[in-house]
Each structure stands twice: as structure tokens, then as C-alpha cells.
Amino acid sequence: MDYYNKDITDILRWGRIGAISCHIAKKLNISPLEALKKFYRSVTCDNFHNHQTGLYLFSDLYIVDNYLAEIGAIQI
């Protein structure tokens, strides 16, 4: 039996992106939709979708901080 199902992992990742976008929106004081659009255009989002980077294994808040560092909103 194949335990890796791309459809399932995609669904889980989409749910996480919604939560990540809400955290970004709160931190930047923008709408969740605007945060989602900005996140989807980022290198952090590309890395989140790339299994080789392993970013998808980290917490949502870690990914938010990674994104905020990418855009220069925080220093880590």
C-alpha cells in the first residue's frame, strides 16, 4: 500500500497555507486575502511546496517568521 498520497498532502498543505496567511495578516495588519496573495508570490511559499527543502515539516509560526524575514519585516 502506498502511504504517500499527493492529493492528501496537497489538501493538508492548503489548509496550513490558510492558517499561515492569517498569521501573516495579523502581523502585518493587512487582510488575510492580501496576505495570501503576497505569501503565494514568495520564495518561502515556493520552498514550502518543495519537498526537498523540508520547510513543510516546520510549524506554521516558523514559516511565518521565515516569510517575514524574507520581506524584511523582521530579522532572525
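For the structure itself, consult the block above.
The residue numbering used here restarts from 1 in each chain and proceeds along that chain's sequence as written. Where local features are concerned, this predicted model is filtered to residues with pLDDT of at least 70; where side-chain atom pairs are given and counted, the filter is 80 or more; whole-chain, interface and lining totals use all residues. Water and hydrogen atoms play no part in the side-chain values, which are based on all heavy atoms of the structure.

## Examining the packing of helix α1 (residues 6-28) against helix α4 (residues 60-70)
Operational definition: Where helices are involved, their axes are fitted lines through C-alpha atoms of the stretch in contact, as for all axes, and angles between N-to-C directions lie from 0 to 180°. A helix here means a DSSP run of H or I that spans at least four residues, while a strand means a run of E at least two residues long, and both kinds are numbered starting from the N terminus. Should an angle fall under 35 degrees it is taken as roughly parallel, and over 145 as roughly antiparallel, whereas 65 to 115 is taken as roughly perpendicular and any remaining angle as oblique. Left-handed describes a crossing whose near helix is turned anticlockwise from the far helix by less than a right angle; the clockwise case is right-handed. Contact criterion: two residues are considered in contact whenever any of their non-hydrogen atoms come within 4.5 Å of each other. Each residue gets one label: Ala, Val, Leu, Ile, Met, Phe, Trp, Tyr, Cys and Pro are nonpolar, Asp, Glu, Lys and Arg are charged, and the others, such as Gly, are polar.
Running from N to C, α1 and α4 cross one another at 55°; their axes reach a closest spacing of 9 Å. Judged by the angle between their axes, α1 and α4 are oblique. As α1 packs across α4, the resulting crossing turns out to be right-handed. Here R16, A19, I20, H23, I24, K27 and L28 of α1 come into contact with α4, specifically with D60, L61, I63, V64, D65, Y67 and L68. Residue composition of the contact of α1 with α4, grouped by class: nine nonpolar, one polar and four charged.

## Notes on the packing of aromatic side chains
To be explicit about the condition: Side-chain rings of Phe, Tyr and Trp (the six-membered ring for Trp) are treated as a pair once their centres are within 6.5 Å; stacked means planes under 30 degrees apart, edge-to-face means over 60, and tilted covers the remaining angles.
Considering all chains together, one arrives at two aromatic pairs under this definition. With centroids separated by 5.8 Å and ring planes inclined at 75°, the aromatic side chains of F39 and Y67 adopt a geometry described as edge-to-face. In this pair, F39 is assigned in helix α2 (residues 32-40) and Y67 in helix α4, connecting sequence segments 28 residues apart. When the ring of F58 is compared with that of Y62, the centres are 4.6 Å apart and the planes differ by 20°; the resulting orientation is stacked.

## Topic: the packing of α1 against α2
Packing of α1 against α2 leaves a shortest axis separation of 8 Å and a crossing angle of 115°. Comparing their axes, α2 and α1 come out roughly perpendicular. As α1 packs across α2, the resulting crossing turns out to be right-handed. On the side of α1, the interface is formed by W14, I17, I20, S21, C22, I24 and A25, while α2 contributes P32, A35, L36, F39 and Y40. Residue composition of the contact of α1 with α2, grouped by class: 11 nonpolar, one polar and no charged.

## Some thoughts on unusual backbone geometry
Rules: Burial classes: relative accessible area under 20% of the type maximum marks a residue as buried, over 50% as exposed, and values in between as partly exposed (1.4 Å probe, protein chains only).
Here N29, not a glycine, exhibits a phi torsion of approximately 55°, which is positive. Given the relative accessible area of 74%, N29 is considered exposed.

## Details of the nonpolar core
Stated precisely, the cut-off is as follows: Residue types Ala, Val, Leu, Ile, Met, Phe, Trp, Tyr and Cys, when buried and joined through side-chain atoms within 4.5 Å, form a set referred to as a nonpolar core.
Among the nonpolar cores identified, the biggest contains 13 residues, and I20, I24, F39, F48, I63, V64 and Y67 are the most heavily contacted of them. Mapped by element, the contributors of at least two residues to this core are α1, α2, α3 (43-49) and α4. Setting aside its immediate chain neighbours within four residues, Y67 contacts I24, L28, K38, F39, S42 and T44.

Bear in mind that shape data such as this cannot, by itself, settle questions of function.
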